[in-house]
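# Structural overview
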Amino acid sequence: MKVSEVLHMNGGIGDSSYASNSLIQRKVIFMTKAIAEEAVSDVYCSMFPKTLCIADLGCSSGPNTLLVVTQTVKTVNKIRKKLCRQSSPEFQIYLNDLPGNDFNSIFRSLPRVQEELKEEIGSEFGPCFFNGVPGSFYSRLCPTSTLHFVHSSYSLMWLSQVPKGVEMNKENIYLASTSPPSVINAYYEQFQKDFSMFLKCRSEELVSGGRMVLTILGRKSEDPTSKECCYIWDLLAMALKQMVSEGLIEEEKLHSFCIPQYTPSPLELKAEVEKERSFSINRLEASEINWAACSNKLYSSDDSFKDDGYNVAKCMRSVAEPLLVHHFGESIMDKLFHKYGEILSDCMSKEETKFVNLAISMTKRE
């Protein structure tokens, strides 16, 4: 499986689409809003560029895609007014994701977003020029020394490829407590290789003093097989095993499926930044958000855990379905995610379940 050709969120606006099931990602963006605003303020006030170049990497599609971009434009406008600067900078905005992303949905929404910004900011609104940039962020995406601010949220835990040497991880689709040490090392080494390449590419694209804010699904524990980062995939593996026992999936198919993801700890993230040496770290923070945040319910009930489980299953389906369809075929997806929802509901009724987010703010060294 070539990850760059298969990995993308479900497009469109249907019931299984990422656009309809990305509420938790939106909440995380708001949780880290202050960190992004601080970085944008610092880079604008230190340079006052005529054209502010921004890149959002792993932008996906749906209501979250232009959220950070519009927040950035509003932040700059607020500071500009506070400092009594008459002219607004122009904004050059690069929206990046893998080629399978639903870029058409993004482009269709641009006129509406621009009009809303003009109405809110007024005649002083600086022109915004948008570019879609399909490609892997583990390679160069933008011209040398052009970017002032880079942002990415809930994307960098995805690896460029399934790690080599994970064949011994049978019965697991991701890291688990039963994973052999060689498999754990293979995942970690792939993360190191990918994240180092990401930093190198961004260091070439950012101007000196440029800022970068990344939010990554991670973990607080130093154990890469800890429940806080692996449990969500363990439960999906449970649903897949049930389908094997029912003869709906071949056992060999299950044994050859691996999720190309790695959720780092703060220390692992810090170590890679310091090793690569292009950036200085300004902030590195961990936060938590309940799995139930996938739901937009305004009240709780006796059946809320059941609803939460199915909502989490829909969220995960919008993210992982293209990978699963590529490996197992499309015909089993409805049944698989129904089983997954049942398993999640049972689990969430008995214990507290949370995702861990790592937010890191960095400055490109001189």
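Everything that follows concerns the structure shown earlier in this document.
Model, not experiment: these values are computed from the prediction. (Residues numbered from 1 in each chain as written. Predicted model: local features only at pLDDT ≥ 70, side-chain atom pairs only at ≥ 80, totals over all residues. Heavy atoms only, no water.)

What follows concerns the overall build of the protein. In terms of regular secondary structure, the protein is built from eleven helices and seven strands. Compactness check: the protein gives a C-alpha radius of gyration of 21 Å against a globular reference of 21 Å for 366 residues, within 12% of the reference. Once the C-alpha set of the protein is aligned to its principal axes, its extents read approximately 70 × 45 × 35 Å. Sequence-distant contacts in the protein: of pairs separated by 6 or more residues, those separated by 24 or more amount to 85%. When the accessible surface of the protein is split by element, carbon and sulfur atoms take 50% of a total near 16000 Å². (Helix = DSSP H or I, 4+ residues; strand = E, 2+ residues; numbered from the N terminus. Rg over C-alpha atoms; globule rule 2.2 N^0.38 Å. Contact = heavy atoms within 4.5 Å. Areas by Shrake-Rupley, 256 points an atom, 1.4 Å probe, with all protein chains shown as cover.)

For the rest of this paragraph, the subject is the packing of helix α6 (residues 181-205) against helix α9 (residues 266-276). Remark: α6 packs on α9, axes separated minimally by 10 Å, with the N-to-C direction vectors making an angle of 50 degrees. In terms of orientation, α6 and α9 fall into the oblique class. In the packing of α6 onto α9, the handedness of the crossing is right-handed. Where α6 abuts α9, its residues Tyr188, Phe191, Gln192, Phe195, Ser196, Leu199, Lys200 and Ser203 lie against Glu268, Leu269, Glu272, Val273, Lys275 and Glu276. (Axes fitted to C-alpha atoms, helices over the stretch in contact; angles between N-to-C directions. Parallel < 35°, antiparallel > 145°, perpendicular 65-115°, else oblique. Left-handed = near helix turned anticlockwise from the far one by under 90°.)

Counting across every chain of the model gives zero disulfides. Considering cysteine sulfurs only, Cys142 is the nearest to Cys59, which forms no disulfide, with 12 Å between them. For Cys59, a relative accessible area of 7% translates into the label buried. Looking at the unpaired Cys258, the closest cysteine sulfur is the one in Cys230, lying at 13 Å. A residue is classified by how much of its surface remains accessible, and Cys258, at 8% relative accessible area, is buried. (Disulfide = S-S within 2.5 Å. Buried < 20%, exposed > 50% of the residue type's maximum accessible area, 1.4 Å probe, protein only.)

This paragraph deals with the sheet that holds strand β7 (residues 354-364). Strand order in the open sheet made by the seven strands is β3-β2-β1-β4-β5-β7-β6, with mixed pairing throughout. Taken across any chain shown, the strands that pair with only one partner, and hence form the sheet edges, are β3 (128-134) and β6 (279-290). Here the average twist between neighbouring strands, direction ignored, is 15 degrees. The pairing of strand β1 (residues 51-57) with strand β4 (residues 147-153) spans three bridges and is parallel. In the sheet register, Asp56 faces β4, and the bridge partner there is His151. Sheet strands in contact with helix α3 (residues 33-47) are β4, β5 (206-218), β6 and β7, and its direction is about 175 degrees off that of β5. (Pairing = 2+ DSSP bridges.)

What follows covers helix α11 (residues 333-350). Here α11 spans 26 Å end to end across 18 residues, near enough to the 26 Å set by a 1.5 Å rise per residue. Taken as a whole, α11 has its buried residues at Met333, Leu336, Phe337, Lys339, Tyr340, Gly341, Ile343, Leu344, Ser345, Cys347 and Met348. (Expected span 1.5 Å × (residues − 1).)

With that settled, the discussion passes to the pattern of salt bridges. When their charged atoms lie close together, side chains carrying opposite charge are able to pair. Within this structure, the stated rule accounts for 23 salt bridges. Across the salt bridge formed by Arg211 and Asp42, the nearest N and O atoms sit 3.0 Å from each other. With a gap of 169 residues between them, Arg211 in strand β5 and Asp42 in helix α3 connect regions that are remote in the sequence. Overall, the relative accessible area of 4% leaves Arg211 in the buried class. Put simply, Arg140 and Glu204 hold a salt bridge, and the shortest N to O gap is 2.9 Å. Taken together, the residues Arg140 in the loop between β3 and β4 and Glu204 in helix α6 connect sequence positions 64 residues apart. Judged by its relative accessible area of 28%, Glu204 is partly exposed. (Salt bridge = Lys/Arg side-chain N within 4 Å of Asp/Glu carboxyl O.)

Right, let's get into the nonpolar core. Phe195, Phe198, Trp233, Trp291 and Tyr340 are the most contacted members of the largest nonpolar core, which has 81 residues in total. Considering every element that reaches this core, the biggest residue donor is helix α7 (residues 227-245), with eleven residues. What Trp291 contacts, discounting residues up to four positions off in sequence, is Ile24, Tyr231, Ile232, Leu235, Val312, Leu344, Cys347, Met348, Thr353, Lys354 and Phe355. Formed by 28 residues, the second largest nonpolar core is a distinct cluster that contains Leu52, Val113, Leu117 and Ala359. (Core = buried A, V, L, I, M, F, W, Y, C linked by side-chain atoms within 4.5 Å.)

Space left empty within the atom packing is revealed by a probe, the size of a water molecule, rolled over the atoms. The tally for this structure, following the rule as stated, stands at two cavities of 30 Å³ or more. Within this model, the largest cavity holds a volume of roughly 70 Å³. Every residue lining the largest cavity is counted, 13 residues in all, and those nearest its centre are Leu217, Glu228, Cys229, Ile232 and Phe355. Counting only elements with at least two residues in the lining of the largest cavity, the list comes to β5, α7 and β7. Looking at the lining of the largest cavity element by element, the count peaks at six residues for α7. Here the lining of the largest cavity is composed, by residue class, of seven nonpolar, three polar and three charged. What the second largest cavity holds in volume is close to 40 Å³. For the second largest cavity, the full set of lining residues is Ala36, Glu37, Val40, Val68, Gln71, Thr72 and Thr75. (1 Å grid on protein atoms, 1.4 Å probe; cavity = no way out; pocket = protein on both sides within 12 Å on 5 of 7 lines; lining within 4 Å. Points joined across faces, edges and corners; volume = space filled by probe spheres on them. Nonpolar A, V, L, I, M, F, W, Y, C, P; charged D, E, K, R; others polar.)

Attention now goes to the pairing of β3. Every other side chain in a regular strand lies on the same face of the sheet, so the side chains alternate between the two faces. Two elements, strand β2 (residues 90-97) and β3, share seven bridges in a ladder whose sense is parallel. From the neighbouring strand, Asn96 faces β3, where its bridge partner is Val133. Handedness of the crossover joining β2 and β3 through helix α5 (residues 103-121) is recorded here as right-handed. (Right-handed = clockwise from strand over helix to strand, strands pointing away.)

Evaluated as defined, the whole model comprises eleven aromatic pairs. Sitting over the face of the ring of Phe198, Arg202 holds its NZ or CZ atom 4.9 Å from the ring centroid. (Phe/Tyr/Trp six-rings, centres within 6.5 Å; stacked < 30°, edge-to-face > 60°. Lys NZ or Arg CZ within 6 Å of the ring centre and 35° of its normal.)

With that out of the way, let us pick up the environment of Asp194. You can see Asp194 is positioned in helix α6. As a C-alpha pair, Asp194 and Leu156 span 38 residues in sequence and 9.1 Å in three-dimensional space. Residue contacts for Asp194: discarding those within four places in its chain leaves Tyr138, Leu159, Ser160 and Gln161.

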